[in-house]
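Each chain, written out:
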Amino acid sequence: MVIAKMEQDLGSAVCRWQMCVDGTEEYVPATVPGSVYQDLLDNGKMEDPYYRDNELKSLKVMDDDFTYVTEFEASAELCSRENVVLHFDGIDTVADIWLNKSHVAYVNNMHRTWEFPVKELIESGANELKVTLHSPTKYVEEAYQKRPIEGSSDAMRGFPYLRKAHCMFGWDWGPRLPDAGIWRAVRLIAFDEVRLDGVYITQKHESGLVTLQMRVDVEKAGYERTLAFGTDDGKLSGYSYRVTVTDPDGKTVTGSYACDGSAQEIRIENPKLWWPNGYGDQPLYEVEVELVAGESAVDSWRRRIGLRTMTVHIEKDQYGESFAHEVNGVQIFAMGGDYIPEDNILSRVTPERTYDLLVQAKNANFNCIRVWGGGNYPYDGFWDACDELGLIVWEDFMFACAVYELSEAFEENIRAEFIDNVKRIRHHASLGLWCGNNEMEQFVAVGEWVTRPQERSDYVKMYEYVIPKILKEYDPNTFYWPASPSSGGAFDNPNDENRGDVHYWDVWHGNKPITEYRKFYFRYVSEFGFQSFPSLKTVETFTEPEDRNIFSYVMEKHQRNASANGKIMNYMEQTFLYPTDFDTTLYASQLLQAEAIRYGVEHFRRNRGRCMGTVIWQLNDCWPVISWSSVDYCGRWKALHYAEKRFFAPLLLSCQEEGMMTQEADMNREHFGFEKSIRLNVANETMEEQSVQVSWAVRNGKAEVLKDGGICKVKVPALSSWWLD
């Protein structure tokens, strides 16, 4: 008789985990999945690392090693299976694993799924599992001392050596708090001859019909992966597979297929298409694939998909080369934000918290999210939420602002990382594109961080050979872009205004006035931003009353961008009267941030067609901090997020003005006079023509009408920007 695959959860919901600092015998209760910092906090062993300057003390904690241990019962039935595997969805990051006092493995990549055969080690009855997490701070420092490689100066040196979320070592918005832990689920998996290793679904769209093709990957006993179906030589005798597709109304389409290597199809008639937020609905279909021996299911794979085509449209035109998300044949104007890890203590990130954040993004009329490459690959709850909410995801691979040594061991490690995450994510309706890295092409091109010629060649190998080759096998249907920003790779003028995507920081880092946005017509701006202080209630969570001055020691400790508090005040005097107290300063900084980004986005939307994307740095924070976010760490909307709801609205009226701000004139010179004029524009980012009525007036400071411009009625075509006379 064929027996189905078995799984046994080893998390703290069913097992009693304990943790101790190595070198001591003091064990305390622990949570798995979880983290060292959270377990220490839960047991009263450390203070809040986000409060005042506790970051400094908390960082020293990570110079130690920590051991997690649990005892669990394994059934005789599980132990009798031909294969028993110890499976970790994620370990952060450097660890040794023991089962029943036998060493199982050494691991060193938080982004990977780790699996180890333990048939010879598992015992029917009581078993002990132990994981020792080694100091990440010592690891990166020792590696750097042996052979320096460089990266962002905001992070601890040596951070590129460790496949761990780079921002945990510090960033210009993040603390140096490199937490550790068994941060995702751990379980035992037992099976006999074969199990499913993944399903790749290809969609063919025709009028009134979508045809799904399944490539079902099977793993044979002995851990030799094979492509069982969809290839000429992928036959598997004695097995078949069943496919069931359930539409949003509960209706099913089914098929049963022999494992003979042929590609099989499921036809979906009258398909309900998935659209990004603002362009249509987000119906999701459930696909279940069962591996069958006789009439019994041995293993199953169940996911939700959206029926859609998705790519990036690139085409030469009068300005250079277009760059736009194209969904179901429609080129959309991207409106969204850059997403960073939601908490430096990763165990605090829950599906409910993520969903709430992404709902707030949708409520501000976002249609896309860019996952920044210095964090981690988001967990399944993030992707499920984006599928449901209609948020296209620009997914960076986890490399940012550094160079890497492509040694044989490093390449083997990252290849496994890529395969694990591509196979986990590729079916999601919201996946818009894969991107090689954050900001490395533009900096390596000019020699930033590069200390050896090999680092430049390793860059090309990683992002223009290794990753594309893996995607060709595991996800050939999703668009790949080598870096952000990029013009297409090969160091061909990355950050070109007229091609590809751009990161624009002359406003803010370059101290240019906010009117500088009007000088550029980027094809797709994937990073631009402006800082503000968080709300007073959020500031109160990490300060005492004596700290509440923007230039105090504690406030500056929660500002990771050099001299930025002063920069905020410099921009403040260009736009507003100087605030007179702390609370007003916080509030005015948010108004300033909203005004700056509004000015840029409205300009870009007025030039729809030439510009096709505005992704704002950044959506969220990972701790209470002064930053570019529109939603602060405590979940409070800054003024920017309210403004995004307006300037990302599907139907937008904006004004291109000429006046004091745009002319940069010396108003004190003799015979000075401003050119004063306006031109109105309606941007229609909907799928239908809109009939609108536009009225305008000039008012004084008391809101009294000085000039009534009357009423103008216009029809604005779908997906267009329309200038008024």
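Just so you know, these numbers come straight off a predicted model, no measurement behind them.

**Looking at the overall build of the protein chain**
What the protein chain contains, in helices and strands, is 15 helices and 36 strands. In terms of overall dimensions, the protein chain is globule-like: its C-alpha atoms have a radius of gyration of 27 Å, near the 27 Å expected for 725 residues. Expressed as lengths along the three principal axes of its C-alpha atoms, the size of the protein chain is roughly 95 × 65 × 50 Å. Residues classed as buried in the protein chain amount to 57% of the 725 residues present. Carbon and sulfur atoms form 47% of the exposed surface of the protein chain, whose accessible area is close to 29200 Å². Considering the protein chain, the positive charge centre built from 75 side chains and the negative charge centre built from 112 side chains are found 3 Å apart.

**Quick word on the sheet that holds strand β8 (residues 114-117)**
Taken in spatial order, the four strands of this open sheet run β1-β10-β5-β8, and their pairing is antiparallel. Unpaired on one side and paired on the other, β1 (6-9) and β8 mark the two borders of the sheet. Going from strand to strand, the sheet's axes swing by 20° on average, the running direction of each strand aside. Two elements, strand β5 (residues 83-88) and β8, share four bridges in a ladder whose sense is antiparallel.

**A closer look at the environment of A564**
Of note, A564 is situated in helix α12 (residues 564-575). Judged by its relative accessible area of 0%, A564 falls in the buried class. Each C-alpha atom, one on A564 and one on E288, is 52 Å from the other, the two residues being 276 residues apart in sequence. Contact partners of A564, with chain neighbours within four places excluded, come to W508, Q531 and Q559.

**Some words on the packing of helix α5 (residues 351-363) against helix α6 (residues 380-389)**
The interhelical angle for the contact between α5 and α6, taken along N-to-C directions, is 30°, at an axis separation of 9 Å. When the axis of α5 is compared with that of α6, the two are roughly parallel. Note that α5 runs across α6; the crossing there is right-handed. Here α5 contributes T354, Y355, L358, V359 and K362 to the contact with α6, which in turn contributes F382, A385, C386, E388 and L389. Taken together, the residues of the contact of α5 with α6 sort by class into seven nonpolar, one polar and two charged.

**What to know about the pattern of salt bridges**
Applying the stated criterion to the full structure yields 42 salt bridges. As a salt-bridge pair, D380 and R424 come within 3.0 Å of each other at their nearest N and O atoms. Residue D380 is found in helix α6, and its partner R424 is found in helix α7 (residues 408-425); the two are separated by 44 residues along the sequence. For D380, a relative accessible area of 40% puts it in the partly exposed group. Linking R608 and E685 is a salt bridge whose minimum nitrogen-to-oxygen distance equals 2.6 Å. Of this pair, R608 sits in the loop between α13 (582-606) and β31 (613-616) while E685 is found in the loop between β33 (677-684) and β34 (690-699), placing the two residues 77 residues apart along the sequence. Each member of the pair R608 and E685 is classed as buried. Each of the salt bridges in this network shares a partner with another, and the network as a whole consists of K5, E7, D89, R187 and D299.

**Considerations on the confidence of the model for the protein chain**
Per-residue confidence for the protein chain averages 94 on the pLDDT scale, and 96% of its residues sit at or above 70. Confidence over residues 223-233 falls short of pLDDT 50; this stretch has 41 contacts with residues more than four positions distant or in other chains.

**Describing the pairing of β34**
Pairing between β34 and strand β35 (residues 705-716): nine bridges, direction antiparallel. Looking at β35, one finds that V698 is bridged to K707. Between β34 and β35, which follow one another and run antiparallel, lie five residues, and A703 among them has a positive phi close to 70°.

**With respect to helix α14 (residues 639-647)**
Note that an α-helix has 3.6 residues per turn; residues three or four places apart therefore point the same way. Within α14, burial applies to A639, L640, H641, A643, E644 and F647. Where α14 is buried, its residues touch α5, α13, β31 and β32 (651-658).

**So, the packing of α13 against α14**
A pair of packed helices can be characterised by two numbers: the angle between their axes and the separation between those axes. The contact between α13 and α14 brings their axes to 8 Å, and the two run at 25°. Relative to α14, α13 is oriented roughly parallel. As α13 packs across α14, the resulting crossing turns out to be right-handed. Contact residues: α13 offers Q590, L591, Q593, A594, I597, R598, V601, E602 and R605, while α14 offers A639, L640, A643 and F647. For the contact of α13 with α14, the residue count by class is eight nonpolar, two polar and three charged.

Conventions adopted
- Residues numbered from 1 in each chain as written.
- Predicted model: local features only at pLDDT ≥ 70, side-chain atom pairs only at ≥ 80, totals over all residues.
- Heavy atoms only, no water.
- Helix = DSSP H or I, 4+ residues; strand = E, 2+ residues; numbered from the N terminus.
- Rg over C-alpha atoms; globule rule 2.2 N^0.38 Å.
- Buried < 20%, exposed > 50% of the residue type's maximum accessible area, 1.4 Å probe, protein only.
- Areas by Shrake-Rupley, 256 points an atom, 1.4 Å probe, with all protein chains shown as cover.
- Lys, Arg positive; Asp, Glu negative; His and termini not counted.
- Charge placed at Lys NZ, Arg CZ, Asp CG, Glu CD.
- Pairing = 2+ DSSP bridges.
- Axes fitted to C-alpha atoms, helices over the stretch in contact; angles between N-to-C directions.
- Contact = heavy atoms within 4.5 Å.
- Parallel < 35°, antiparallel > 145°, perpendicular 65-115°, else oblique.
- Left-handed = near helix turned anticlockwise from the far one by under 90°.
- Nonpolar A, V, L, I, M, F, W, Y, C, P; charged D, E, K, R; others polar.
- Salt bridge = Lys/Arg side-chain N within 4 Å of Asp/Glu carboxyl O.
- pLDDT = per-residue confidence, 0-100.

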